Amino acid sequence: MTHAAPVPPDDSHLRSLIEATADAVTTAEPLSSDYAGADAETRAAVDEEVRARASDLVALSQDLHAHPEEGFAEHRSVGALAELLLAHGHEVTVGLGGLDTALRTGTPDNGGPHIAVLSEYDALPGLGHGCGHNVICTAGAGGFLGAAAVAERLGGRVSLVGTPAEEGGGGKETLARAGVFDDVDAVIMLHPFSHDIALHPFLGRRQLEMVFHGVGAHASAQPFMGRNALDAAVAAYQGVSALRQQLPSSDRVHGIFTDGGARPNVIPARAALLFYLRSANPDTLRDLASRITAIAHGAAEMTGCGVELHWDEQPAYLPIRFNTTLAGRWSVNQQGTGRKPLPPGIVPEFLTGSTDLGNLSFRMPALHPMIAVSGPTVALHTKEFAEAAGSPTGDQAVVDGALGLALTAADYLADAELREAVHDEFEASGGALDVPSFFD
């Protein structure tokens, strides 16, 4: 008897989750702010600038959506972004920090506070903009243009930094190590999602390749002369599966076999696995890595094999450190567009992934809210989400998000008490972390 198709999972848990979330969203109050931010005249000037650029921003978003490019290969995308900025009078540098598709522009350095708006524009293999980076890119561009119009009068500085290869490449960390953010005081960006959320957790993530080395032998004639690397890999995989019972609910480990031998009648001399490890804070991610390391060495020992562990071919991702002070201003600014950014805990926090923005959030205050482009049941990294990112709701998110980012940047530059509170919260959360050496 054969089964041509997999048995579909029961969706009762998902349905109950959707119902409970819908009820919670209805009654939730948006995040508020204790700070005034920019004055009415400044806010009006920002609004006017963003509205004037709205059609250009939407056109760029649609163009990026129609021509997706994967990380580190976003040459057309960064070129289109640069053209938009040049058309509106801003000098642009393409290629910085060792990355050909990174971009930077900004207002003159006047010695005042410096906030950077971030844009992402890489797409997913086979899914195009299934994470909505066309929205991220263009909302960021609009946020910069709106804030740049008032930065000089506010005595501050605003930049736009285009950060390549968020999808696994760690472009922000590469740029940070190259000093691109050394003169930046705070960073802000947004991410499209199924809900409007002022603060939503993203998990830290590390990558681990386990390569087991055994001794090849004929599996029938002389099996006693072999040391089976595939057995070691299977034991490691099962060890990780058993470990999941004892992990915190926010931790995630998922892996695949990338090499298991060539023929059944030859005992494999090599086998390999690739894992992603995720956790909600840097310390628990470091502990998880330690426990997975022990499993790998144990699997090698019990099978008589050797093992090589290759960590983080691309930079590790840290979780996002919240800054509720910045998020409060974002929430207030988005409410003016008719949106209601939710506080944490309303939408289940396990509905999340990882982002290299987390690495910057442990260097300086950072904002990474979610903006709705789809219905509540559509997941990131799906064909359906890619469709939503290029739909009229995605276009509206570009304009609303650009205005929210521009106003939040203006608030930061205009309000000294707000800035002090933003940085006090950052210091109270632990201050700047030495990110490159954290997992050493």
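The rules behind the values
- Numbering of residues starts from 1 in every chain and runs along the sequence as written.
- Local features are withheld for residues below a pLDDT of 70 in this predicted model, meaning they are given only at 70 or higher, and side-chain atom pairs are given and counted only at 80 or more; totals for whole chains, interfaces and linings count all residues.
- As a rule here, side-chain values cover all heavy atoms of the structure and leave hydrogens and water aside.
- Strands are runs of DSSP state E lasting at least 2 residues, helices are runs of H or I lasting at least 4, and numbering of each runs from the N terminus.
- Here the globule rule reads 2.2 Å times residues to the power 0.38, and the radius of gyration is calculated from C-alpha atoms.
- Note on classification: 1.4 Å probe, protein chains only; a residue is buried when its accessible area is under 20% of the maximum for its type, exposed when over 50%, partly exposed between these limits.
- To be clear on the numbers: accessible area is Shrake-Rupley with a 1.4 Å probe, and residue cover counts the displayed protein chains and nothing else.
- The charged-residue count follows a simple rule in which Lys and Arg add positive charge and Asp and Glu add negative charge, with His and chain termini not counted at all.
- All charge positions are set by atom: Lys at NZ, Arg at CZ, Asp at CG, Glu at CD.
- UniProt positions are given in the numbering used here, feature names are shortened, and annotations may be inferred rather than shown by experiment.
- A pairing counts as a salt bridge when a side-chain nitrogen of Lys or Arg comes within 4 Å of a carboxyl oxygen of Asp or Glu.
- Any two rings among Phe, Tyr and Trp, with Trp reduced to its six-membered ring, count as a pair given centres within 6.5 Å; such a pair is stacked if its planes are under 30 degrees apart, edge-to-face if over 60, and tilted if neither.
- Any Lys NZ or Arg CZ found within 6 Å of a ring centre and within 35 degrees of that ring's normal is scored as a charge over the ring.
- Buried Ala, Val, Leu, Ile, Met, Phe, Trp, Tyr and Cys residues that are joined via side-chain atoms within 4.5 Å together make up what is termed a nonpolar core.
- Contacts are residue-level and defined by heavy atoms, with any inter-residue pair within 4.5 Å sufficient.

Within an unreviewed UniProt entry, the label attached to the protein reads Peptidase M20 domain-containing protein 2, and the organism entered is Amycolatopsis rubida.

I'd like a description of the overall build of the protein, backed by residues and values.
Broken down by element type, the protein carries twelve helices and 14 strands. For a compact globule of 440 residues, the expected C-alpha radius of gyration is about 22 Å, and the protein comes in at 24 Å, within 12% of that figure. Here the C-alpha coordinates of the protein stretch approximately 85 × 45 × 40 Å along the principal axes. Each of the 440 residues in the protein was classed as buried or not, and the buried ones make up 53%. Accessible surface for the protein amounts to roughly 18300 Å². Of this, 52% is attributable to carbon and sulfur atoms. The average position of the 27 basic charges and that of the 55 acidic charges among the side chains of the protein differ by 5 Å.

Got a sec to walk through the UniProt feature "domain: Peptidase M20 dimerisation" (unreviewed entry) in the protein? Specific residues and values, please.
In this structure's numbering, the residues bearing the UniProt feature "domain: Peptidase M20 dimerisation" (unreviewed entry) are residues 208–296. Between the end C-alpha atoms of residues 208–296 the distance is 11 Å, and the span holds 34% helix and 31% strand.

Help me get a handle on the pattern of salt bridges, residues and values and all.
As enumerated under the stated definition, the model contains 20 salt bridges in all. For R51, the salt bridge is made with D47, and the minimal N-O distance between the two is 3.6 Å. Of this pair, R51 and D47 are both found in helix α2 (residues 40–66), four residues apart, which corresponds to roughly one turn of the helix. We classify R51 as partly exposed; its relative accessible area is 39%. Exposure remark for D47: the relative accessible area of 28% places this residue in the partly exposed category.

Any details on the packing of aromatic side chains? Residues and values, ideally.
Counted under the stated rule, the structure contains three aromatic pairs. Between F438 and F439 the ring centres are 4.9 Å apart and the planes differ by 85°, which places this aromatic pair in the edge-to-face class. Looking at F438, the relative accessible area reads 9%, which means it is buried. Within the aromatic cluster, the residues linked to one another by ring pairs are Y237, F257 and F275. Geometry around Y317 places R205 over its ring, the cationic atom sitting 4.5 Å from the centre. When the ring centre of F439 is taken as origin, the NZ or CZ atom of R206, which lies over that ring, is 4.3 Å away.

Residue-level account of the nonpolar core, with values.
Among the nonpolar cores identified, the biggest contains 57 residues, and V46, L81, L103, I115, V158, L160 and I188 are the most heavily contacted of them. Ranked by residues supplied to this core, first place goes to helix α11 (residues 392–414) with eleven residues. Here V158 is in contact with G106, T107, H114, I115, V117, F144, A147, A148 and A151, once residues within four sequence places are set aside. In this structure, A232, A235, C305 and F362 belong to the second largest nonpolar core, which totals 31 residues.

Go over the side chain of S77, please, and point to the residues and values.
Here S77 shows up in helix α3 (residues 75–87). Excluding residues that lie within four positions of it along the chain, S77 makes contacts with L64, H67, E69 and Y121.

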